[in-house]
Amino acid sequence: IGGAGSLTFADLGFASRTLEGSSLLIGAYPFALADLGGGTMPTSFRLVARHSVLPPNGNGSVRIHLNGSLIQSRALDRAALDVTVPLPTYLLRRDNVLEVRFQVTLGDGACVLGGSVFTATIDEASAFVTERGAPLAPGFARFPSSFVPAFSVLLEPRDRFRVELA
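So, a few notes on the structure that sits alongside this text. As the structure is a computational prediction, the values presented were derived from the model and not from experiment. (Residues numbered from 1 in each chain as written. Predicted model: local features only at pLDDT ≥ 70, side-chain atom pairs only at ≥ 80, totals over all residues. Heavy atoms only, no water.)

1. What to know about the overall build of the protein
Stated precisely, the cut-off is as follows: By definition, any uninterrupted DSSP run of H or I lasting at least four residues is a helix, any uninterrupted run of E lasting at least two residues is a strand, and each is numbered from the N terminus. Each residue is assigned to one of three classes by its accessible area relative to the maximum for its type, calculated with a 1.4 Å probe on protein chains only: buried under 20%, partly exposed between the two thresholds, exposed over 50%. It only takes one pair of heavy atoms within 4.5 Å for two residues to be counted as in contact.
From N to C terminus, the protein includes 1 helix and 10 strands. When the elements of the protein are put in sequence order from the N terminus, they spell out β-β-β-β-β-β-β-β-β-β-α. Looking at the protein residue by residue over its 166 residues, the buried ones come to 36%. Within the protein, counting contacts between residues at least 6 apart in sequence, those at least 24 apart form 80% of the total.

2. A few points about unusual backbone geometry
For Asn67, which is not glycine, the phi torsion reads 50° and is therefore positive. With respect to the secondary-structure elements, Asn67 resides in the loop between β5 (59-66) and β6 (69-75). Under the relative-accessibility criterion, Asn67 is labelled buried at 14%.

3. Notes on the nonpolar core
For clarity, the cut-off: We define a nonpolar core as any set of buried Ala, Val, Leu, Ile, Met, Phe, Trp, Tyr and Cys residues linked to one another through side-chain atoms lying within 4.5 Å.
If you look at the biggest cluster of nonpolar residues, it comprises 34 residues, and the most contacted ones within it are Phe45, Leu47, Leu98, Phe102, Phe118 and Phe128. Looking at this core, the elements that each hand over two or more residues are β3 (24-32), β4 (40-51), β5, β7 (80-86), β8 (95-105) and β9 (118-122). The element that contributes the greatest number of residues to this core is β8, accounting for 4 residues. Excluding residues within four positions of it along the chain, Phe102 makes contact with Leu19, Ser23, Leu24, Leu25, Ala49, Ser61, Val62, Leu76, Leu81, Phe118, Ala120 and Ile122.

4. Brief notes about the pattern of salt bridges
Which entries qualify depends on this criterion: The working definition used for a salt bridge is a side-chain nitrogen of Lys or Arg within 4 Å of a carboxyl oxygen of Asp or Glu.
A full pass over the atoms with the stated rule returns 4 salt bridges. The shortest N-O distance in the salt bridge between Asp123 and Arg50 comes to 3.1 Å. Residue Asp123 is located in the loop between β9 and β10 (127-132), and its partner Arg50 is located in strand β4; the two are separated by 73 residues in the primary sequence. By relative accessible area, Asp123 is classed as buried at 17%. Arg50 gets classed as partly exposed once you look at its relative accessible area, which sits at 41%. Arg94 is paired through a salt bridge with Asp95; the nearest N and O atoms lie 3.9 Å apart. You can call Arg94 partly exposed: its relative accessible area is 34%.

5. Here's the deal with the side chain of Ser61
Structurally, the position occupied by Ser61 is in strand β5. Apart from the residues within four sequence positions on either side, Ser61 is in contact with Arg74, Ala75, Leu76, Arg101, Phe102 and Gln103.

6. A short note on the packing of aromatic side chains
The condition that has to hold: Two aromatic rings, drawn from Phe, Tyr or Trp (for Trp, its six-membered ring), form a pair once their centres lie within 6.5 Å of each other, and the interplanar angle then sorts them: stacked below 30 degrees, edge-to-face above 60, tilted otherwise. Charge over a ring is defined by NZ of Lys or CZ of Arg lying within 6 Å of the ring centre and within 35 degrees of the ring normal.
Within the structure shown, the criterion is met by 8 aromatic pairs. Relative to Phe14, the ring of Phe9 lies with its centre 5.6 Å away and its plane at 65°, an arrangement referred to as edge-to-face. Given the relative accessible area of 0%, Phe9 is considered buried. For Arg17, the ring lying beneath its charged end belongs to Tyr29, and the centroid distance is 4.3 Å.

What is shown is where atoms sit, not what they do.
Here it is, written out as structure tokens:
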């Protein structure tokens, strides 16, 4: 059992991501506990982001969700964010999704074609703060999440037996 460490989005294969829109913008980051290393649990999340300035009569918030549950909400005030949020352990699963949601109202709430667009960049320096603990159960060890979208299995010939094995 060791001390604290961190894994950035870049370490997990996520590049900086820019979101643009005029209402709700969502950046979703799937990860598995196995991606963090055997016996390593995330204890908090550090969000590093920059965003465009809201107009004088606009407002907005950033909300962080873990597996669909809200874990942090705060008003947007400056053009940059650097905030650390504790991750409730009871929300963690083998496979997880962390979402960063920007909810903005530009102006008086009236959508105007060609009007203002809100832009936010979630930096690859955003990170999970981790703590070494007990090793994960065998079922938690698997391929890293970053490989899953490109991973495929060829079943030739395709019959009931091979499909059941998959």
